[in-house]
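# Chain and residue survey
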Amino acid sequence: MFRPRSLLGLVPLAVCCLLLATPGAASAEPTTAVSYPAGANTTFYHGEAFDTCDAPPLSAMQAWSASPYRGIGIYIGGANRTCAQANLTPSWVLSVTHLGWRFLPIYMGRQAPCTLRPNSVKITPSAAASEGTAAAQDAITRAKALGLISGGGIYADMENYDASDTACRTAVLRFLSAWTKELHRQGWASGVYANLSSGAQHLSGVYTSTTYARPDALWLARWDLSPSLTGWSGIADGKWANRQRGKQYRGDHTETYGGVTLNIDNDYFNGPAALPGIYYQVEGAASVTARTGPSTSASAAGTVTRGQTLRLSCQAAGTKVSTTSVWDKLTNGWYVSDYYVDTPSDTGYSNPLPKCRYPYQTTVDGLTERTGPGTSYSAVRTLPNGSLAWIMCQRAGTKVGTTSVWDRLDDGRYVTDYYVATTSNTTYTRPAPRC
């Protein structure tokens, strides 16, 4: 995606209809379920971002704290990645995280058979699906090697190609569908970077197709100097509608902050991102019981001891312990009250740790968000088909279809789990805790 490139209304469901509609199968296209591991977390980034071919030195990232950017695209691998990435190490990722940055991992794998990018390693049409799967597997390996937490978003970079070549289009869609399914199978959010005139239009065209798995987020390439995440030509605002979009709106140019000049592309983002596990130590009590959920009533999972270094993935609300109701989730899935961990705050959430979230796509158009876990609660708004439901926890409520589970979203509202592509249509889905 960095060098070279070509310049190039919702209807609420009535309660009666909500109860009678048939959901898409959680494991089938286009809304394939994500199998998040116990320690997973999906953060998101909303705001100005930039990407550059080579990850800048840590000193440059420190200097660019004076910039309006807090999101950065990093090229983690792929057959067509061009820059050496001498700075892109686990220690760099962790240090940049502590400066307040969020990462947008980019994997520049095989390109379309009809790509307009010269000298590219291309998709083999007859092997498009297996090559997409292999790309996802390699991307996950490389993300983990940098310390990034399972559940984060990874973006396949599909450069501009000849949109009129139908065989080429099919190969790209098969490749990207396999990419999404494998990321979901291993517990990561799937994103695609694509040009408005080719890949983005083709993904939009099969948005509801049962032939292809739909990515969770679309990162649009359109150098029109407009950062808007809506009003994209040929792509309805109801597609990838709930923190599922990014836009690269300006190409190669230089900017200077803190006395450091970088050659960058401009992006505006509101979608899945990634962070590493962040390290803090146990303090206070000689030993603390870690639990399976953010509650003193949750089952004991193990014990941590004073002075022990913990690797945390996120923070969740739970039972109050002394001065705080915040619990820290470890990368192994255990929870420890934040009161016993030396994070910056003893009363609330602490940057740069994100809140715990588990996004899954919705399976119907017009899924109603309500003020509580039941069809009798007030309707607040609706989510278009394929929107991400950013789940924080689950609880029992009115039975809808085959399940009484309701998902509490990070906006404080509830949707029935029956129309969300979690891994079960009958019971709770790990690793989301109980509310």
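None of these values were measured; they are calculated from a predicted model.

To continue, consider the overall build of the chain. Of regular secondary structure, the chain possesses 6 helices and 20 strands. Taking 22 Å as the expected radius of gyration for a compact globule of 435 residues, we find that the chain reaches 21 Å, a close match to that expectation. The C-alpha extent of the chain, read off along each of the three principal axes, is 60 × 55 × 35 Å. Burial status across the chain gives 57% buried among its 435 residues. Within the structure as shown, the chain displays about 15,600 Å² of accessible surface, and the carbon and sulfur contribution to it stands at 50%.

The next point concerns the confidence of the model for the chain. Considering every residue of the chain, the mean pLDDT works out to 94; 94% of them sit at 70 or more. Note that residues 1–26 has pLDDT below 50 and, in this model, 82 contacts with residues that lie over four places away or in other chains.

Here we take up the packing of aromatic side chains. Going through the model one piece at a time under the given rule, you end up with 18 aromatic pairs. Each ring, one from Tyr69 and one from Tyr257, has its centre 6.2 Å from the other, and the planes form 85°; the classification is edge-to-face. One end of the pair, Tyr69, is in the loop between helix H2 (58–63) and strand E2 (71–77); the other, Tyr257, is in strand E7 (residues 245–257), and 188 residues separate them in sequence. A relative accessible area of 4% places Tyr69 in the buried class. When the ring of Tyr339 is compared with that of Tyr340, the centres are 5.3 Å apart and the planes differ by 80°; the resulting orientation is edge-to-face. By way of ring pairs, the aromatic residues Phe50, Trp64, Tyr69, Trp101 and Tyr257 are connected into one cluster. Directly above the aromatic system of Tyr207 lies the positively charged group of Arg214, at a separation of 4.3 Å from the ring centroid.

Contact geometry of helix H4 (residues 128–145) with helix H5 (residues 166–185) gives a least axis separation of 7 Å together with a crossing angle of 40°. As judged from the angle between their axes, H4 and H5 are oblique. Here the hand of the crossing between H4 and H5 comes out right-handed. Each of Ala128, Ala129, Glu131, Gly132, Thr133, Ala135, Ala136, Gln137, Ala139 and Ile140 in H4 lies in contact with H5, whose residues at this interface are Ala171, Arg174, Phe175, Ala178, Trp179, Glu182 and Leu183.

This part takes up the pattern of salt bridges. Going through the model one piece at a time under the given rule, you end up with 11 salt bridges. Across the pair Asp224 and Lys247 runs a salt bridge whose closest N-O atoms are separated by 2.9 Å. Here Lys247 lies in strand E7 and Asp224 lies in the loop between strand E6 (217–221) and E7, a separation of 23 residues in the sequence. The exposure class assigned to Asp224 is partly exposed, which follows from its relative accessible area of 37%. The closest approach of N and O atoms between Glu369 and Arg413, which form a salt bridge, is 3.5 Å. Placement of Glu369 in strand E16 (residues 367–370) and of Arg413 in the loop between strand E19 (403–409) and strand E20 (414–416) is noted, with a sequence separation of 44 residues between them. By relative accessible area, which is 26% here, Arg413 ends up partly exposed. In this structure, a network of salt bridges that share partners links the residues Glu369, Arg381, Asp411 and Arg413.

The rules behind the values
Residues numbered from 1 in each chain as written. Predicted model: local features only at pLDDT ≥ 70, side-chain atom pairs only at ≥ 80, totals over all residues. Heavy atoms only, no water. Helix = DSSP H or I, 4+ residues; strand = E, 2+ residues; numbered from the N terminus. Rg over C-alpha atoms; globule rule 2.2 N^0.38 Å. Buried < 20%, exposed > 50% of the residue type's maximum accessible area, 1.4 Å probe, protein only. Areas by Shrake-Rupley, 256 points an atom, 1.4 Å probe, with all protein chains shown as cover. pLDDT = per-residue confidence, 0-100. Contact = heavy atoms within 4.5 Å. Phe/Tyr/Trp six-rings, centres within 6.5 Å; stacked < 30°, edge-to-face > 60°. Lys NZ or Arg CZ within 6 Å of the ring centre and 35° of its normal. Axes fitted to C-alpha atoms, helices over the stretch in contact; angles between N-to-C directions. Parallel < 35°, antiparallel > 145°, perpendicular 65-115°, else oblique. Left-handed = near helix turned anticlockwise from the far one by under 90°. Salt bridge = Lys/Arg side-chain N within 4 Å of Asp/Glu carboxyl O.

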